[in-house]
Amino acid sequence: MSESSLPVLATKLFIPSPRPNAVSRRRLLERVWEGLRAGHRATLLSAPAGFGKTTLASQWIADARDGSPGAQVAWLSLDASDNDPSRFLTYLVAALHRADPSVAADAHALPLSSIEDTMAALINDVAAAQHPMILVLDDVHLIEDSTIREGLAFLIDHSPPNLHLAIMSRSDPLLPLAKLRARGELTELRAADLRFTPAEAAAFLNEVMHLELSPAHVAALEARTEGWIAGLQLAALSMRDRSDVGGFIQGFTGSHRFVIDYLAEEVLQRQPDHVRGFLFDTAILGRLSAPLCDAVTGRTDSGEMLAALERDNLFVVPLDDRREWYRYHHLFADVLTARVLADGPERVPDLHRRASGWFEQNRLPEDAVAHALAAGDFGRAARVIESTVPGVRKSRQDATLLGWLAVLPGDIIARRPVLGVYRAWSLLVSGEVDAVEPLLADAERALGATTDDGTPVHDSATGEELRILPVTIALYRAAVAQARGDVADTQTQARRALDLTGPDDHFGRGAAAGFLGLASWAVGDLGAAVDAFGEVASSLRRSGNLADMLGTTIVMADLLIQQGRLRDAQRACEDALRLAADQGEPVPQSTADLHVAVSELLRERSDLPAAREQLLVSQALGERASLPENRYRWFAAMSRIDEAEGRLEDAVDALGAAEQLYRPGFFPEVRPLAALKARIWIRQGRLGDAQGWADSQGLATTDAPTYLREFDNLTLARLSIAQYASDPRPGSLDAAVGLLDRLLSAADAGGRAGRVNEILVLQAMAHAAAGHTALALRPLARVLAQAEPEGYLRLFLDEGAPMAALLRTAAAEGIAPAYTRRLGQAFVQEDVPRASARPLADALSERELHVLRLLATELSGPEIARELYVSVNTLRTHTRHIFGKLEVTSRADAIRRAEGLGLV
Amino acid sequence: MKNEHVTPPGCGEFDTYEIRLQGQLDAGWTDWFDGFRLTEGNDGTTALTGRVVDQAALHGLLRRVGDLGATLISVNVLTRADR
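Described below are features of the structure shown in this document. (Residues numbered from 1 in each chain as written. Chains lettered and ligands numbered in written order. Predicted model: local features only at pLDDT ≥ 70, side-chain atom pairs only at ≥ 80, totals over all residues.)

**Here we look at the interface of chain A and chain B**
1) Next: Chain A puts 23 residues into the contact, and the matching count from chain B is 15 residues.
2) Next: Those elements that provide at least two residues to the side of chain A that touches chain B are α12 (259-269) and α16 (330-343) of chain A.
3) Next: Here the element with the most residues in the side of chain A that touches chain B is α16 of chain A; it accounts for seven residues.
4) Next: Within the side of chain A that touches chain B, the residues separate by chemical class into 13 nonpolar, five polar and five charged. (Contact = placed C-beta atoms within 7 Å. Helix = DSSP H or I, 4+ residues; strand = E, 2+ residues; numbered from the N terminus. Nonpolar A, V, L, I, M, F, W, Y, C, P; charged D, E, K, R; others polar.)

See below:
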């Protein structure tokens, strides 16, 4: 696969050095420093182009470095393409990391998908770095994207005391600066402050430009330009080597023409033809280098030309220390562009095309595309865009690519099946499922069409992407079918994809097997699903994709647990965790989810402290080690532990949190959270609420069993048994018993031994509730025999006293003597009270007490984190320490214990 | 380079605006201002007249005015399109 993701341009992070002989802006620098000393959080330089904002900032930075050589400065020059949030964040992270390597130290981890999370992580890192840091954002007026603006607003609101923001903008940015202004925390320099005073104008014209003008002449120029620095600079350039300076000043001050219009004309007219030609030909370039200018102008001396322009102060700005890249001052570029458009617009497309060609050859696809589009050469643009597809998909800079696709005409995309299929993918992931198939059909047609002599007619470049495109199309069709819940079509398309893959296309084989596995899973054919996901895992291992392989293990563990293969599930998770540990830092995604899976297995063995410990380990690894679609599992697992420990309210709360995080559509919903909640209600005796759940789900004991409703049906059977226990009307259990019989046949047929175990337990409970102990012992004997080798405990313990009694009877009958003895002991331990009031072993710190008091409020975790100006991860670290010191494992217990100790 | 969102007067169903600036600007800037007609007033001002497709196009044009360091005197709508 060709690797052409969009690179980070170092020129955007370059801190410009002040010009060696620039006019001193001491009066302005004093104001900036005064603000910093007074603790101002931000400095705003807001003025149109040509008022010396960037020059002033570069003097400030040089000053700061002279004053304290360790001063850390991050500089980011924004441009219009930074309106893509992920691109913006990539650059912001790069700028801060470059200033201080301890910020965003784990380069792969940032940016996160949410702009606020990324900002919170950066704020945290900057705060932890402790030394003063200045973040300079230049040309902020170019940022129009509201997500980015909100992110910047968050940064301003929560910026740590050691971070100072310098914002430069041609118009006042839409950021919450009024708040800072009102609190007296903003230093503001505007056009009126930035313009040259008469003294500065004199210093510039006479000392820097050596014009030896009289005070009257200086005053006349200052008045005509109103101290506008770019105007004075152009005027100085017009007067250099001119014999009749007085005549020029008279003409200029007597004219009503625009300062820029009048002076640019003067300056350009005074250039030799070859210089003027160079300026016009390169005006379209956002940045300039000698090889690029050679390619665009057809010259060979662009390097000397650029050096001469810089020497002559002709508005070129170096973008790096090596004098490799330059740009024109924005204002001068505007004047040049206007002149080119007026004088020779027909040449412009050709210049753009040549620029595009150079950028393409030099692997800078973004500029290549921009110039191709400016040239109106959509065919060229499409070719370059297509070459970026694999890289962009990896770097997640989708907004940039989708922006390009939006301006390409439909017929151009139709001629490039690779682009069409990429577009289809982008629609698929954004949930526009219905729009996917027409694009796939177009691409398929384009792939198949040939001329009479058999040559393909489409324009897509040959290569890996094109070669595997038929597989990709089939996979996306499988994804659409899966999203629609069409199991049969998912299987058809996935098999087709599998048929089309070569033996070495591990990624394609893995993905196809994944869809087959999901389809088998959705119909309850767990044996086939386990085989398919085994194939997925080995394909992923062969293609070296560890993170996805770990994700597959989570699915596998789910399947094995339902098959009643607890030991196999445990082994799969442990193997995966070993692989993750070998990988080291950064911790691979899904590692945290694997700990949750292990926790569930430990819970089944009733090792509740170890199960909780696994959840704490998972939590400590943080969100980055977890897949978004798996985050709900942590809370679901916590709920089950709470339930086992009899903390039923906490269990309900945890399920509420799980519901917030649950993302439907990724996997078959085989253990719905609503049903888990109904089970807790049943244990709480809230049978009316549980019945309300059953009614809202349209459940009835007469239902024919389907796999996706199996857990709901089991929950309904539990409800019936509980209802009978509280109100034993004769015959009212019959329907539930019938339902359990049907469920048992279905689960047996599907090889779902884990589910069979639960059904057998419920059958035993139903018969026992009806007083038919002998009848109850039959399913109980079977489940004891099946469950013993796998080490199930909670399967029985969760059923409480009636099950304990039943097991004693079974033991007396000589059924599974070792196992029933062990279960009997476990039941005895259940009754030992868990919590007791002991004094604290370790005192809480001030910060921890603060956190604890916030925990006692109604605030959610993210709200508390915001209140403390820390990331959610940092909050979790505090919480973990607090829980450790209080010897508790939940927020509710922490509050209870803290209340008992008089801490809150 | 020509922005089709801004069309010269007399050829579109869009609002016509007049933007008045301090100072004089010669007609060579017409293309840079996306086809707006430049008229020099006898009071040392310049009027830019043209049609804009929507408010975003108008704001973009005003930003270009600002980028040139020009002083904005007035923005008036001359004719409103039938909608």
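After that view of the structure, there is still more to cover.
**Considerations on the sheet that holds strand β5 (residues 186-190) of chain A**
Residue and element names in this part refer to chain A.
1) Next: Pairing within the open sheet is parallel, and its five strands lie in the order β2-β3-β4-β1-β5. At either end of the open sheet lies a strand with only one pairing partner, and these are β2 (72-77) and β5. The mean inter-strand angle of the sheet, taken between neighbouring strand axes irrespective of direction, is 10°.
2) Next: Across five bridges, strand β1 (residues 42-46) lies against strand β4 (residues 163-169) in parallel orientation. What sits directly across from Leu44, in β4, is Ile167.
3) Next: Taken strand by strand, helix α3 (residues 85-99) contacts β2 and β3 (133-138), and its axis lies near 155° from that of β2. (Pairing = 2+ DSSP bridges. Axes fitted to C-alpha atoms, helices over the stretch in contact; angles between N-to-C directions.)

**A word on α3 of chain A**
1) Next: Its 15 residues give α3 of chain A an end-to-end C-alpha distance of 21 Å, which sits within 8% of 21 Å, the value for a rise of 1.5 Å per residue.
2) Next: Burial of α3 of chain A is extensive: 13 of the 15 residues sit out of reach of the surface. (Expected span 1.5 Å × (residues − 1). Buried ≥ 20, exposed ≤ 12 C-beta atoms within 10 Å, placed from the backbone.)

**So, the packing of helix α1 (residues 26-37) of chain A against helix α2 (residues 53-67) of chain A**
Residue and element names in this part refer to chain A.
1) Next: For the pair α1 and α2, the least separation of the axes is 10 Å and the interaxial angle reads 60°. Considering the angle they form, α1 stands oblique to α2. Here α1 and α2 pass one another in a crossing that is right-handed. Across the interface between the two elements, Leu28, Leu29 and Val32 of α1 pack against Leu56, Gln59, Trp60 and Asp63 of α2. (Parallel < 35°, antiparallel > 145°, perpendicular 65-115°, else oblique. Left-handed = near helix turned anticlockwise from the far one by under 90°.)

Distances and angles like these do not, on their own, reveal function.
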